[in-house]
Amino acid sequence: MKLTIDQPKLLQALAAPLGIVENRNTIPILGHVKLTADTGLTVTATDLDMEATTTTDADVATQGETTVPAKTFMDIVKRIPKGKQVQLDCTSGNLRITAGTLDFTLNTLPAYDFPVMASDSYDNTSQIEADVFADMLNKTKFAMSAEETRFYLQGVYMHNDDAGDLHMVATDGHRLAKMTHQGNVTVSSVIIPRKAVMELVKLMEQADAPVTLETSETKIRVTGDGFSVVSKVVDGTFPTYERVIPSSHNRTMHVDAKEFSAASASVTVVSDDRTKAVKMSVAGDVCVLSVRGATGEAKAEVAVDYDGDAIDIGFNSKYLAEMMAQANGGTVTVKMSGPMDPAKFLMDDTPGFVGVNMPLRM
């Protein structure tokens with residue numbers, strides 16, 4: 001294998017696959033990426049549950065393939081100046097990397113030992129705009145659970161409703177985020193694992209064309225211009241989330257997300273509680289955010305447009321801030337009932353979003 005490639009192209013081709021490679025592996029080749037030189041350069045990485053492939057242009061003199069230690073290879077490429085051409089030459093079990101006066105040699109492992117995920121057939125195939133797909137993942141991923149015992153919540157649940165609309169939902173039992181897309185996108189009902197969600201978001205942000213979405217009961221594949229990601233889905237049943245979303249309310253608050261988040265962050269400085277609890281007292285056109293901790297007390301007022309009787313309700317300030325962040329600085333509508341009832345959050349600039357936060361006892 002012998003080729004020449006621009007440093008920025010090589011760096012970009014390595015970025016997505018590298019996110020899959022685990023720092024510690026009991027199987028040495030899983031710490032490698034596979035390099036395939038054909039009409040261009042293809043980079044592949046896998047952890048046996050997920051596989052990512054990127055393809056980029058390269059001047060290929062000799063076709064072939066090999067594998068190299070992923071992290072070390074990336075560190076080398078990062079240190080090569082952006083304007084340089086990089087030469088990759090694999091012979092006698094080594095990969096030589098040269099660029100100007102820089103010269104590196106890495107030990108390799110045979111490409112035929114590199115594991116390949118089985119290419120199962122998929123039940124549903126659709127196309128979706130990359131920015132739409134990225135937005136749906138971005139605005140739900142913050143609510144994914146991090147608890148290993150609740151593995152079925154460690155991802156984003158993607159499915160269609162009876163009307164054919166596409167939904168993505170995530171929850172950790174304390175808050176919930178849901179995005180809806182009204183379009184002709186048909187999928188199998190799957191839970192996309194956390195790791196796949198995070199890697200897909202990175203790739204979607206670079207894509208500028210529709211991507212192909214293929215799903216089955218066991219796998220998901222997303223293919224775009226120059227990349228492909230295949231992942232096993234979570235083998236579990238997502239809870240019936242619809243009953244958690246409040247269907248009625250008697251209090252409605254409209255507030256600027258940036259002002260609210262800034263005030264909440266300020267008062268939680270004195271909090272010594274693990275949950276960083278903040279009390280929200282709403283009456284008239286003012287919302288008072290307050291915290292009492294061992295080191296002192298803090299209060300901040302935020303102007304709101306409020307309809308309903310006065311209420312005192314407590315929330316985890318971190319969860320509240322992450323919910324407000326989905327508004328991109330716009331106006332948020334908070335629908336509430338009682339002080340111990342879940343609150344529903346709607347974003348004026350994102351009509352497809354619905355969020356739910358469970359209150360805390362204050």
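Our subject is the structure listed above.
Residues numbered from 1 in each chain as written. Predicted model: local features only at pLDDT ≥ 70, side-chain atom pairs only at ≥ 80, totals over all residues. Heavy atoms only, no water.

A. Seen up close, the pairing of strand β10 (residues 124-128). On β10, burial follows the alternation: Asn 124, Ser 126 and Ile 128 on one face are buried, whereas Thr 125 and Gln 127 on the facing-out side are not. Both β10 and strand β15 (residues 211-215) contribute to a ladder of five bridges, which runs antiparallel. The partner of Thr 125 across the bridge, within β15, is Glu 214. (Buried < 20%, exposed > 50% of the residue type's maximum accessible area, 1.4 Å probe, protein only. Helix = DSSP H or I, 4+ residues; strand = E, 2+ residues; numbered from the N terminus. Pairing = 2+ DSSP bridges.)

B. View of the sheet that holds strand β4 (residues 50-56). Read across the open sheet, the eight strands follow the order β6-β2-β3-β4-β17-β16-β15-β10; overall the sheet is antiparallel. Whereas interior strands pair on both sides, the edge strands pair on one side only; in this sheet they are β6 (64-69) and β10. Going across the sheet, the axis of each strand differs from the next one's by a mean of 15°, ignoring polarity. Across five bridges, β4 lies against strand β17 (residues 227-232) in antiparallel orientation. Along β17, the bridge assignment pairs Glu 51 with Val 230. Helix α1 (residues 7-18) rests against β2 (32-37), β3 (41-46) and β4 of the sheet, and its axis sits at about 165° to β4. (Axes fitted to C-alpha atoms, helices over the stretch in contact; angles between N-to-C directions. Contact = heavy atoms within 4.5 Å.)

C. Representation of the side chain of Asn 124 in the model. The topology assignment puts Asn 124 in strand β10. Looking at Asn 124, its side chain comes within polar contact range of the side chain of Ser 188, at 3.0 Å. Leave out the neighbours within four places in its chain, and Asn 124 touches Thr 186, Val 187, Ser 188, Leu 213, Glu 214 and Thr 215. (Polar contact = N/O pair within 3.5 Å; in protein donor to acceptor, adjacent residues only side chain to side chain.)

D. Fine view of the packing of α1 against helix α2 (residues 70-78). Contact pair α1 / α2: the axes reach a minimum separation of 10 Å and the direction vectors enclose 150°. As summarised for this structure, α1 and α2 are arranged roughly antiparallel, according to the angle between their axes. Read as a crossing pair, α1 and α2 show a hand that is left-handed. Contacts between α1 and α2 involve Gln 7, Leu 10, Leu 11, Leu 14, Ala 15 and Leu 18 on the former and, on the latter, Ala 70, Lys 71, Phe 73, Met 74, Val 77 and Lys 78. (Parallel < 35°, antiparallel > 145°, perpendicular 65-115°, else oblique. Left-handed = near helix turned anticlockwise from the far one by under 90°.)

E. How the structure looks around the nonpolar core. Counting 98 residues, the largest nonpolar core has Val 33, Leu 35, Phe 73, Phe 133, Met 158, Met 253 and Met 280 as the members making the most contacts within it. With six residues, helix α4 (residues 194-206) is the single largest residue contributor to this core. Residues in contact with Met 280, not counting those within four places in the same chain, are Met 253, Phe 260, Cys 287, Val 288, Leu 289, Ile 311, Asp 312, Ile 313, Phe 315 and Met 336. Listed in part, the 11 residues of the second largest apolar core include Leu 176, Ile 245, Val 354 and Val 356. (Core = buried A, V, L, I, M, F, W, Y, C linked by side-chain atoms within 4.5 Å.)

F. Spotlight on the packing of aromatic side chains. One pass over the structure, following the stated rule, counts five aromatic pairs. Relative to Tyr 152, the ring of Phe 151 lies with its centre 5.7 Å away and its plane at 80°, an arrangement referred to as edge-to-face. For Tyr 152, a relative accessible area of 26% puts it in the partly exposed group. With centroids separated by 6.4 Å and ring planes inclined at 70°, the aromatic side chains of Phe 238 and Tyr 241 adopt a geometry described as edge-to-face. Accessibility assignment for this pair places Phe 238 and Tyr 241 in one class, buried. The structure contains a cluster of three or more aromatic residues connected by ring pairs, namely Tyr 157, Phe 238 and Tyr 241. (Phe/Tyr/Trp six-rings, centres within 6.5 Å; stacked < 30°, edge-to-face > 60°.)

G. Highlighting the environment of Asn 328. In this structure, Asn 328 sits in the loop between α6 (317-325) and β24 (331-336). A sequence separation of 245 residues divides Asn 328 from Gly 83, and the C-alpha atoms of the two residues are 36 Å apart. In contact with Asn 328, other than residues within four places in its own chain, are Lys 139 and Asp 349.

H. The arrangement of α1 in detail. End to end, α1 covers 16 Å across 12 residues, agreeing with the expected 16 Å (1.5 Å per residue, within 8%). Along α1, the residues classified as buried are Gln 7, Leu 10, Ala 13, Leu 14, Ala 16, Pro 17 and Leu 18. (Expected span 1.5 Å × (residues − 1).)

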